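These are the residues of each chain, in order.
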Amino acid sequence: MSIWNLSEEKREYKELNKDLSVDVLIIGGGLTGLNTAYYLQSMENVCVVDANIIGHGVTLNSTAKINYFQQCIYSQIINDSTYNNALIYLKSQKEAVDNLIKIIKKERIDCDLKKVPSYVFANSKKESLRLENEVSFLRKHGCDVIEKELPASTLSYKSYCVNDTYIFNPIKYLNALYKILTDNNINIYEKTKIIDVRKSADGYLCYTENHKIKAKKVVIACHYPFFLFPMLMPLRCSLEKSYMIVSKVKKDGKYTCISSNNPVYSSRFYNDNKNIYQISLAKSYNLASSQDNLYFFKRVQEIFKLKDEDIVMKYSNVDIMTPDHMPYIGKIKDNLYIGVGYNTWGMTNSVLAAKIIANQIYDIECEYSSVFNPNRFPLANIFKIPSYIYNNAKTFIGTKINKKAPWYSSKLSFVKRDGDSLAIYEDEFGKEHIVYNKCPHLGCSLLFNEVEKTWDCPCHSSRFSLDGKCIKGPSNYDISYKK
């Protein structure tokens with residue numbers, strides 16, 4: 001559950017029940033996947049498959065800010081790449097904001113779209129100097145950035161805002177897009193998991209458990225690619241986990257705010273015409289640093305001074321962070337495309353990815369293709385590879401050595417049975433939930449999230465339900481225990 005599916009209407013889901021042959025197969029039904037399908041509507045045979053339900057992946061747990069004022073990301077790109085790339089990234093983000101708003105307005109999509117000011121604030125003198133450099137870059141290139149006091153009780157040394165940014169409900173948007181696409185004869189299959197992709201003579205063969213899809217072109221639009229080669233994602237990114245608490249408030253703030261530095265503090269409001277909610281977020285530094293979910297959720301509550309009686313729900317999200325702070329978008333190899341690594345800014349970068357990939361499929365030149373090329377090897381990556389290797393090794397070995405984390409309750413136990421490592425959680429009704437304690441992706445031992453009641457992979461962020469059903473990749477398989 002997240003705030004976005006509280007208002008979600010029930011509908012029927014179409015699962016794949018036969019073999020298919022298509023021109024373009026899009027794997028992943030979140031914002032990247034459906035926006036790509038939207039831009040490919042003029043093609044005759046486009047198909048989308050999703051392992052879950054449309055939008056119920058990373059999109060579901062986003063804060064849904066449509067924003068180009070992204071902390072100090074342009075200064076980071078200048079430091080780790082080039083000034084020109086920072087300028088191109090700014091142009092791409094402003095264009096992505098415009099393109100998303102154009103789709104919503106053209107298709108008259110009711111998704112609670114609101115134009116609101118977006119604040120970035122510094123909470124120290126040192127950090128304010130860094131933020132001032134970011135503001136100077138934005139102003140130099142035509143952005144109207146205003147120094148303005150933050151309208152929140154959060155400790156702020158200095159804050160700036162822009163007024164041409166938006167918020168929306170991404171699930172309402174995707175459900176409307178779903179109807180537009182299916183009405184235009186684009187097949188969308190949900191609860192249809194692709195477990196293998198193999199090169200064929202004229203494209204790719206993509207396999208589910210029971211069927212196969214022959215595709216001339218394939219777009220990987222899932223959060224983290226389920227294959228190791230050719231991307232080698234574990235050596236090209238880090239993972240950061242965010243913790244969100246939704247609470248009821250009496251007044252709509254009508255703004256978004258985010259801190260300029262790490263750890264990140266962010267909030268926005270959502271009015272569903274029945275209640276007003278505040279979505280408060282704090283981010284841990286890195287997925288490998290800690291998985292004490294109880295501590296991190298408690299920290300969000302303390303930072304934003306949230307009362308227990310006002311809290312509606314808690315949930316987390318994981319973002320892929322690239323070494324040069326720019327996404328990996330475009331062609332990986334012949335007829336295979338990807339959009340991944342959005343550095344927490346998925347609302348804009350998903351639209352950017354959709355447009356770039358669609359242009360490449362149509363053989364239309366795109367000025368962004370070379371900058372965001374997924375096959376690039378950023379200079380910054382050379383210096384960060386040791387830390388990526390360390391983080392992967394730390395989480396893999398650490399969970400093997402010490403399966404029972406110090407913050408676990410007595411309801412968790414770990415046993416060996418017939419040579420298999422099992423994890424057991426006893427719920428409040430005394431029922432035992434038993435799973436194989438090993439992620440099918442690359443074999444990392446799992447950690448239990450007692451707040452959200454999920455089994456989480458600390459290496460590459462796969463997630464499984466209480467009884468072991470895979471609800472988020474890169475894993476393609478369940479960990480349900482079969483006696």
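Scroll up to find the structure this text is about.
What you see is a predicted model; the values in this text were computed from it and never measured.

The rules behind the values
- Residues numbered from 1 in each chain as written.
- Predicted model: local features only at pLDDT ≥ 70, side-chain atom pairs only at ≥ 80, totals over all residues.
- Heavy atoms only, no water.
- Helix = DSSP H or I, 4+ residues; strand = E, 2+ residues; numbered from the N terminus.
- Expected span 1.5 Å × (residues − 1).
- Buried < 20%, exposed > 50% of the residue type's maximum accessible area, 1.4 Å probe, protein only.
- Contact = heavy atoms within 4.5 Å.
- Polar contact = N/O pair within 3.5 Å; in protein donor to acceptor, adjacent residues only side chain to side chain.
- Pairing = 2+ DSSP bridges.
- Axes fitted to C-alpha atoms, helices over the stretch in contact; angles between N-to-C directions.
- Phe/Tyr/Trp six-rings, centres within 6.5 Å; stacked < 30°, edge-to-face > 60°.
- Lys NZ or Arg CZ within 6 Å of the ring centre and 35° of its normal.

A. Geometry of helix α5 (residues 170-183). An ideal rise of 1.5 Å per residue puts 20 Å on 14 residues; α5 measures up with 20 Å between its terminal C-alpha atoms. All of the buried residues in α5 are Pro170, Ile171, Tyr173, Leu174, Asn175, Leu177, Tyr178, Ile180 and Leu181. Of the surrounding secondary structure, the elements contacted by the buried residues of α5 are α1 (31-39), α3 (83-106) and β7 (187-189). At the N-terminal end of α5, a side-chain oxygen is found 3.0 Å from the backbone nitrogen of Ile171, two or three residues along, and the residue is Asn169.

B. Representation of the sheet that holds strand β18 (residues 412-417) in the model. Judged by pairing direction, the sheet is antiparallel, and its 3 strands sit side by side in the order β18-β19-β20 without closing on themselves. Two strands close off the open sheet at either side, each with one partner strand: β18 and β20 (432-436). Averaged over all neighbouring strand pairs, the angle between strand axes comes to 25 degrees, with direction disregarded.

C. Quick peek at the packing of aromatic side chains. Within this structure, the stated rule accounts for 19 aromatic pairs. Between Tyr74 and Tyr89, the ring centres sit 5.8 Å apart and the planes meet at 50 degrees, which makes this aromatic pair tilted. Here Tyr89 lies in helix α3 and Tyr74 lies in helix α2 (residues 73-80), a separation of 15 residues in the sequence. Here the aromatic rings of Tyr243 and Phe296 are separated by 5.0 Å at their centres, their planes lie at 15 degrees, and the arrangement is stacked. Highlighted residues: Tyr243 in strand β11 (residues 238-249) and Phe296 in helix α6 (residues 293-303), separated in sequence by 53 residues. In this pair, the class of Tyr243 matches that of Phe296, namely buried. Of the aromatic side chains, those joined through ring pairs into one cluster are Tyr74, Tyr83, Tyr89, Phe137, Tyr368 and Phe372. Cation over ring: Arg198 sits above Tyr207, and NZ or CZ is 4.9 Å from the ring centre. The ring centre of Tyr328 lies 4.5 Å from the NZ or CZ of Arg236, which sits over that ring.

None of the figures reported here should be taken as evidence of function without further support.
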